[in-house]
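# Descriptive structure summary
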Amino acid sequence: MAEQRDIKYVNREFGDFKEQLVEFAKSYFPDSYNDFNETAPGMMFIEMASYVGDVLSFYQDTQLQETFLQHAQNPANLYSLAYMMGYNPRV
């Protein structure tokens, strides 16, 4: 059986998003927001945005992975890819 691989096309995770959002806030809003303590209410919003980015990145990776025949997991996608290549599998 083929080896299961964790393929990441975007290669972004929660920590990466959070770090980039903190750097963005420090660069563009130095006077408006400067409390980057983990318990600050503003950090809650930064972490929520990082979580959303992480989840969307996961779904983007999953959807792109389903477009490749050798990495597809969903049987419906496998049949669609087979039909697209001219193969008629017996179902």
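Let me sum up the structure you'll find in this document. (Residues numbered from 1 in each chain as written. Predicted model: local features only at pLDDT ≥ 70, side-chain atom pairs only at ≥ 80, totals over all residues. Heavy atoms only, no water.)

### Section: the packing of helix H1 (residues 14-28) against helix H2 (residues 41-65)
Heads up, the condition is: With axes taken as lines fitted to C-alpha atoms, and helix axes fitted only over the stretch in contact, angles between N-to-C directions fall between 0 and 180 degrees. Secondary structure counts use DSSP, requiring at least four H or I residues in a row for a helix and at least two E residues in a row for a strand, with both numbered from the N terminus. With respect to orientation, any angle under 35 degrees is reported as roughly parallel, any angle over 145 as roughly antiparallel, any angle of 65 to 115 as roughly perpendicular, and every other angle as oblique. Crossings are classed by handedness, with left-handed meaning an anticlockwise turn of the near helix from the far one by less than a right angle and right-handed meaning a clockwise turn. Two residues qualify as a contact provided that any one of their heavy atoms is within 4.5 Å of a heavy atom in the partner residue. Each residue is assigned to one class: nonpolar for Ala, Val, Leu, Ile, Met, Phe, Trp, Tyr, Cys and Pro, charged for Asp, Glu, Lys and Arg, and polar for all the others, Gly among them.
Running from N to C, H1 and H2 point in directions that differ by 135 degrees, and their axes come no closer than 8 Å. Comparing the axis directions of H1 and H2 gives the class oblique. When you trace H1 past H2, the crossing you get is right-handed. Of the residues in H2, those in contact with Phe14, Phe17, Lys18, Leu21 and Val22 of H1 are Met43, Ile46, Glu47, Ala49, Ser50, Tyr51, Gly53, Asp54 and Ser57. Looking at the contact of H1 with H2 residue by residue, the class counts come to 8 nonpolar, 3 polar and 3 charged.

### A look at the pattern of salt bridges
Rules: Each reported salt bridge corresponds to a side-chain nitrogen of Lys or Arg within 4 Å of a carboxyl oxygen of Asp or Glu. Residue burial is assigned from relative accessible area. The probe radius is 1.4 Å, only protein chains are included, and a residue is buried under 20% of its type maximum, exposed over 50%, and partly exposed in between.
Evaluated as defined, the whole model comprises 2 salt bridges. For Glu38, the salt bridge goes to Lys18, with nearest N and O atoms at 3.1 Å. Of the two residues, Glu38 is situated in the loop between H1 and H2 and Lys18 in helix H1; the sequence distance between them amounts to 20 residues. The closest approach of N and O atoms between Glu47 and Lys18, which form a salt bridge, is 2.9 Å. Taken together, the residues span a long stretch of sequence, with Glu47 in helix H2 and Lys18 in helix H1 at a distance of 29 residues. Look at Glu47 and you get partly exposed, because its relative accessible area is 24%.

### Quick look at a nonpolar patch on the surface
Convention followed: Two joining distances apply to patches: 9 Å for like charges and 5 Å for nonpolar side chains (Val, Leu, Ile, Met, Phe, Trp, Tyr), and every residue must have over 30% relative accessible area and no salt bridge. What sets the accessible areas is the Shrake-Rupley method with a 1.4 Å probe; for residues, cover comes only from the shown protein chains.
A cluster of nonpolar side chains, Phe14, Tyr51, Val52 and Leu56, forms an exposed patch at the surface whose accessible area comes to about 400 Å². Ranked by the residues each element gives to the nonpolar patch, the list is headed by H2, at 3 residues. Relative to the assigned elements, Val52 resides in helix H2. Taking the relative accessible area as the measure of exposure, Val52 reaches 44% and is therefore partly exposed.

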